[in-house]
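Reading the structure
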Amino acid sequence: MKSRISMFFVAFIVWCLFNWVPDWQHLVIGGFVSAFVAFMVGDLFITRPHVLMHPSRYWYFFVYYLPMFLWECFKANLDVAYRVLHPRLPIYPGIVKVRTKLTTDTALTFLANSITLTPGTMSVDIDKDNGVLYIHWIDVKTKDVESATRIIVDRFEKVLKKIFD
Amino acid sequence: MINIIGLIFISIGLAFDVFGCLGLVRLPDVYCRLQAATKCVTLGTCSILFGTFLIVGFTAAGIKSLLCMIFLVLTAPVAAHAIARGAHRAGVKLWEGSIVDKYAEDKEGEAQNRIK
């Protein structure tokens, strides 16, 4: 029930933003639509609603994760631009295997998305049971599982563990 | 003033989009091309949308462009992941200059175990 209620509020806020500036007709229709959406899919998206209640998680998300993510994203773009504009095309691609200690779905999703948008790496597959990610790396520095884990996963894993676990 | 900053953001975004498209043409195989496409096009398009938001302000179009940024950052990596996984499962080979392919090794082991 809690997850349905939080889903209702998320859907309602997104609806209000899409209908900016909201008047009462939009709000009434939005209430019906959000209730319908929350009733149909509420327990699919938010499986652990108690996570939403901790302020410290939001603090870590906005203060630690978001600036780090944006900075890495910017570096990734410069990296790709350099590789593409270089006349000899300096790439050494390959698919490596890394381990992760995260277990929940949301944390794994955010980890895979962060890895995809950071310099030179892109997640290809996740094996949730063994905690293994397969990463396509455009500039393979090491084939070893442990050292690849240290380079790619560690900086995000620490923050994401505090936010989502 | 705010118009000029917005226009600067839009030009940066356009430049990164061009780099992304260049990468799409120049890089050798599906996976490297996906890398260029996801990274450059995500930040490039986000930058264009943010420039639009700065120019039009908190109007209907501005709020929508902010929402589009969030959805783009959330969905572009998922699409790239799905395409890469599908391509690998369908048997698309890596570029011949590739160094290592742990995924194929592990999958072969899995297949052999299943046959036993």
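Looking at the packing of aromatic side chains
For the structure on display, the rule yields 15 aromatic pairs over all chains. With 5.9 Å between their ring centres and 10 degrees between their planes, Phe8 of chain A and Phe12 of chain A make a pair best called stacked. With Phe8 of chain A and Phe12 of chain A both in helix H1 (residues 2-18) and four residues apart, the pair spans about one turn of that helix. Aromatic side chains Phe9 of chain B and Phe50 of chain B sit 5.1 Å apart centroid to centroid with 75 degrees between the ring planes, which places their arrangement in the edge-to-face category. Of the two residues, Phe9 of chain B sits in helix H1 (residues 2-26) while Phe50 of chain B sits in helix H2 (residues 30-56), which places them 41 residues apart along the sequence. Residue Phe9 of chain B is classed as partly exposed on the basis of its relative accessible area of 29%. Using a relative accessible area of 26% as the deciding quantity, one classes Phe50 of chain B as partly exposed. Joined through ring pairs, the aromatic side chains of Phe61, Phe62, Tyr65, Phe69, Phe110 and Phe156 of chain A make up one cluster.

Quick look at the interface of chain B and chain A
With 44 residues of chain B in contact, the opposing surface of chain A contributes 42 residues. Of the roughly 3,900 Å² buried between chain B and chain A on both sides combined, carbon and sulfur atoms contribute 72%. Here chain B is connected to chain A by two salt bridges. Counting every contact that joins chain B to chain A gives 12 residue pairs in polar contact (both at pLDDT 80 or more). Within the residue set of the side of chain B that touches chain A, elements represented by two or more residues are H1, H2, helix H3 (60-89) and helix H4 (102-115) of chain B.

Side note on the pattern of salt bridges
Within this structure, the stated rule accounts for eight salt bridges over all chains. The closest approach of N and O atoms between Lys101 of chain A and Glu157 of chain A, which form a salt bridge, is 3.5 Å. Taken together, the residues span a long stretch of sequence, with Lys101 of chain A in the loop between strand S1 (94-99) and helix H4 (105-116) and Glu157 of chain A in helix H6 (residues 154-164) at a distance of 56 residues. Given the relative accessible area of 7%, Glu157 of chain A is considered buried. Put simply, Arg85 of chain B and Asp125 of chain A hold a salt bridge, and the shortest N to O gap is 2.9 Å. Taken together, the positions of Arg85 of chain B in helix H3 and Asp125 of chain A in strand S2 (residues 121-127) put the pair across two chains. Its relative accessible area of 32% is what places Arg85 of chain B among the partly exposed residues.

Thoughts on unusual backbone geometry
In most cases, non-glycine residues show a negative phi, while peptide bonds are predominantly trans. A positive phi angle, near 55 degrees, is found at Leu89 of chain A, a position not held by glycine. Of note, Leu89 of chain A is situated in the loop between helix H3 (55-85) and S1.

Some points on a nonpolar patch on the surface
Residue and element names in this part refer to chain A. On the surface, Ile29, Val33, Phe36, Val37, Phe39 and Met40 cluster together to form a nonpolar patch covering roughly 580 Å² of accessible area. Mapped onto the secondary structure, Val37 falls in helix H2 (residues 24-45). Look at Val37 and you get partly exposed, because its relative accessible area is 30%.

Remarks on the sheet that holds S1 of chain A
Read from one edge to the other, the open sheet built from three strands follows the order S1-S3-S2 (chain A), with strand pairing classed as antiparallel. The sheet is open, and its two borders are formed by S1 and S2 of chain A, each paired with just one other strand. Between one strand axis and the next, the sheet turns by 30 degrees as a mean value, whatever way the strands run. Looking at chain direction, S2 of chain A and strand S3 (residues 132-137) of chain A are connected through six bridges and run antiparallel. The residue of S3 of chain A that forms the bridge with Asp127 of chain A is Val132 of chain A. Helix H5 (residues 145-152) of chain A rests against S1, S2 and S3 of chain A of the sheet, and its axis sits at about 85 degrees to S1 of chain A. Its contacts with the sheet place H2 of chain B against S2 and S3 of chain A, and it is angled at close to 110 degrees to S2 of chain A.

Cut-offs and rules
Residues numbered from 1 in each chain as written. Chains lettered and ligands numbered in written order. Predicted model: local features only at pLDDT ≥ 70, side-chain atom pairs only at ≥ 80, totals over all residues. Heavy atoms only, no water. Phe/Tyr/Trp six-rings, centres within 6.5 Å; stacked < 30°, edge-to-face > 60°. Helix = DSSP H or I, 4+ residues; strand = E, 2+ residues; numbered from the N terminus. Buried < 20%, exposed > 50% of the residue type's maximum accessible area, 1.4 Å probe, protein only. Contact = heavy atoms within 4.5 Å. Buried area = accessible area lost by both parts, 1.4 Å probe. Salt bridge = Lys/Arg side-chain N within 4 Å of Asp/Glu carboxyl O. Polar contact = N/O pair within 3.5 Å; in protein donor to acceptor, adjacent residues only side chain to side chain. Patch = residues over 30% accessible without salt bridge, like charges linked within 9 Å, V, L, I, M, F, W, Y side chains within 5 Å. Areas by Shrake-Rupley, 256 points an atom, 1.4 Å probe, with all protein chains shown as cover. Pairing = 2+ DSSP bridges. Axes fitted to C-alpha atoms, helices over the stretch in contact; angles between N-to-C directions.

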